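Analysis of the macromolecular model
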Amino acid sequence: MKANFIVCLSLFTGMVLVAGCIKDEEPTPDVRSGVTVVNSFLEAEAVLHRVDVGLGLQSLGQGLGYRGIDFYAIPSHENCRLEIISSNESAQLVDTAFTIEENKYYTSFLFGTEAAPLHFLTDDRLPAGTEDPTAIAGLRFFNLAETPHRVTLQIATGEPIPAFQDRPTETSETGQGAAEFILTSNTGTHVLTVRDENGGQLARRTGVALDPGDYLTIFLTGNGNDSTPFYIGIVRHRGVN
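Described below are features of the structure shown in this document. Since this is a predicted model, take the numbers as computed values, not measurements. (Residues numbered from 1 in each chain as written. Predicted model: local features only at pLDDT ≥ 70, side-chain atom pairs only at ≥ 80, totals over all residues. Heavy atoms only, no water.)

1. Description of the pairing of strand S9 (residues 137-143)
Residues in a regular strand point their side chains to alternate faces of the sheet. With seven of its seven residues buried, S9 lies for the most part within the structure. Burial along S9 is two-sided: the residues Ala-137, Leu-139, Phe-141 and Asn-143 and Gly-138, Arg-140 and Phe-142 are all buried. Note: S9 against strand S11 (residues 182-184), three bridges, orientation antiparallel. Bridge pairing in S11 places Gly-138 opposite Leu-183. (Buried < 20%, exposed > 50% of the residue type's maximum accessible area, 1.4 Å probe, protein only. Helix = DSSP H or I, 4+ residues; strand = E, 2+ residues; numbered from the N terminus. Pairing = 2+ DSSP bridges.)

2. Comments concerning the sheet that holds strand S1 (residues 32-39)
The four strands lie next to each other as S4-S1-S7-S8, forming an open sheet whose pairing is mixed. Strands with a single pairing partner mark the edges of an open sheet, and in this sheet they are strand S4 (69-75) and strand S8 (117-123). Going across the sheet, the axis of each strand differs from the next one's by a mean of 20 degrees, ignoring polarity. (Axes fitted to C-alpha atoms, helices over the stretch in contact; angles between N-to-C directions.)

3. Here we look at the environment of Gly-54
Relative to the elements of secondary structure, Gly-54 occurs in the loop between strand S2 (46-52) and strand S3 (58-65). For Gly-54, a relative accessible area of 54% puts it in the exposed group.

4. Focus: a negative patch on the surface
The grouping of Glu-43, Glu-89, Glu-114 and Glu-146 at the surface amounts to a negative patch. A relative accessible area of 31% means that Glu-146 is categorised as partly exposed. (Patch = residues over 30% accessible without salt bridge, like charges linked within 9 Å, V, L, I, M, F, W, Y side chains within 5 Å. Areas by Shrake-Rupley, 256 points an atom, 1.4 Å probe, with all protein chains shown as cover. Salt bridge = Lys/Arg side-chain N within 4 Å of Asp/Glu carboxyl O. Lys, Arg positive; Asp, Glu negative; His and termini not counted. Charge placed at Lys NZ, Arg CZ, Asp CG, Glu CD.)

5. Things to note about the nonpolar core
Counting 21 residues, the largest nonpolar core has Val-47, Val-51, Ile-74, Ile-100 and Leu-110 as its most contacted members. If you list the elements that add at least two residues to this core, you get S1, S2, S3, S4, strand S5 (77-86), strand S6 (92-100) and strand S7 (105-112). Among the elements that make up this core, the one with the highest residue count is S6 (four residues). Excluding residues that lie within four positions of it along the chain, Val-51 makes contacts with Gly-56, Leu-57, Gln-58, Leu-60, Ile-74, Cys-80, Arg-81 and Leu-82. (Core = buried A, V, L, I, M, F, W, Y, C linked by side-chain atoms within 4.5 Å. Contact = heavy atoms within 4.5 Å.)

6. Brief notes about the pattern of salt bridges
Taken as a whole, this structure holds six salt bridges when the rule is applied. Between Arg-81 and Asp-95 there is a salt bridge, and its shortest N-O distance comes to 2.9 Å. You can see Arg-81 sitting in strand S5 and its partner Asp-95 sitting in strand S6, a full 14 residues away along the chain. A relative accessible area of 30% means that Arg-81 is categorised as partly exposed. Since its relative accessible area comes to 43%, Asp-95 is described here as partly exposed. Arg-140 serves as the salt-bridge partner of Asp-124, at 2.7 Å between the closest nitrogen and oxygen. Residue Asp-124 is located in the loop between S8 and S9, and its partner Arg-140 is located in strand S9; the two are separated by 16 residues in the primary sequence.

7. Overview of the sheet that holds strand S15 (residues 231-236)
Strand order in the open sheet formed by four strands is S11-S9-S14-S15, and the pairing between neighbours is mixed. The sheet is open, and its two edges are formed by S11 and S15, each paired on a single side. Across this sheet, the average inter-strand angle for adjacent strands is 30 degrees, counted without regard to direction. Bridge count between strand S14 (residues 215-221) and S15: six bridges; the pairing is antiparallel. Counterpart to Leu-220 in the pairing with S15 is Ile-232.

8. With respect to the packing of aromatic side chains
Tallied over the full model, the rule gives eight aromatic pairs. Taking 5.7 Å as the distance between ring centres and 80 degrees as the angle between the ring planes, the aromatic pair formed by Phe-181 and Tyr-215 counts as edge-to-face. Of the two residues, Phe-181 is situated in the loop between helix H2 (172-177) and S11 and Tyr-215 in strand S14; the sequence distance between them amounts to 34 residues. Residue Tyr-215 is classed as buried on the basis of its relative accessible area, which comes to 4%. Here the aromatic residues Phe-109, Phe-111, Phe-120 and Phe-142 are joined through ring pairs into a cluster of three or more. The ring of Tyr-231 has Arg-67 sitting right over it, with the charged end atom 3.7 Å from the ring centre. (Phe/Tyr/Trp six-rings, centres within 6.5 Å; stacked < 30°, edge-to-face > 60°. Lys NZ or Arg CZ within 6 Å of the ring centre and 35° of its normal.)

Below, the structure written as structure tokens:
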């Protein structure tokens, strides 16, 4: 009887220990990536981004106002669907599919008009062969404004970077084509100026810090009206590919 009790006690103790190991083992988390959303859409007070990563459409936040920027960590997924809805009677502006790779970063840019909404998604990548992203800085520039003018970004008083000169309003193709960050060692705090092809100043922004390890997207938005003047927006990226 005593022997049977000892055997039972041993089995019970072993089961408790095994159960404890299973309980303490953390489940493998979803591999997550980063998506930044930028709203340069003039014709609505706000837009709502919804993403489907295999679980149905789920909202990112509660809505994003004009000139708003936000960042979300979401699971990687091969067949991700992105939908963007306007606050104007819930009009659908964007419905697109893309792949979110593991531990990669992307940015969604919305602009244009309700009659002709424009959108592109960038793979936030560095030039091939970049050895130490923390030792250098990177920039890119997009023209998301409603204007017939070609625009040029000038940083401080230096010569404009060729890729930032004479940019028309972006399309999906031009936006994705300019997705790669341009590396620079011209760090410090700068004044940014955007001019049209005639040299006229459209917008100016002071006190823009650029330190080693910073990666910024600079974009022009607005249409020059009193209610929506031209404005230089800044995205500070939380990660790059």
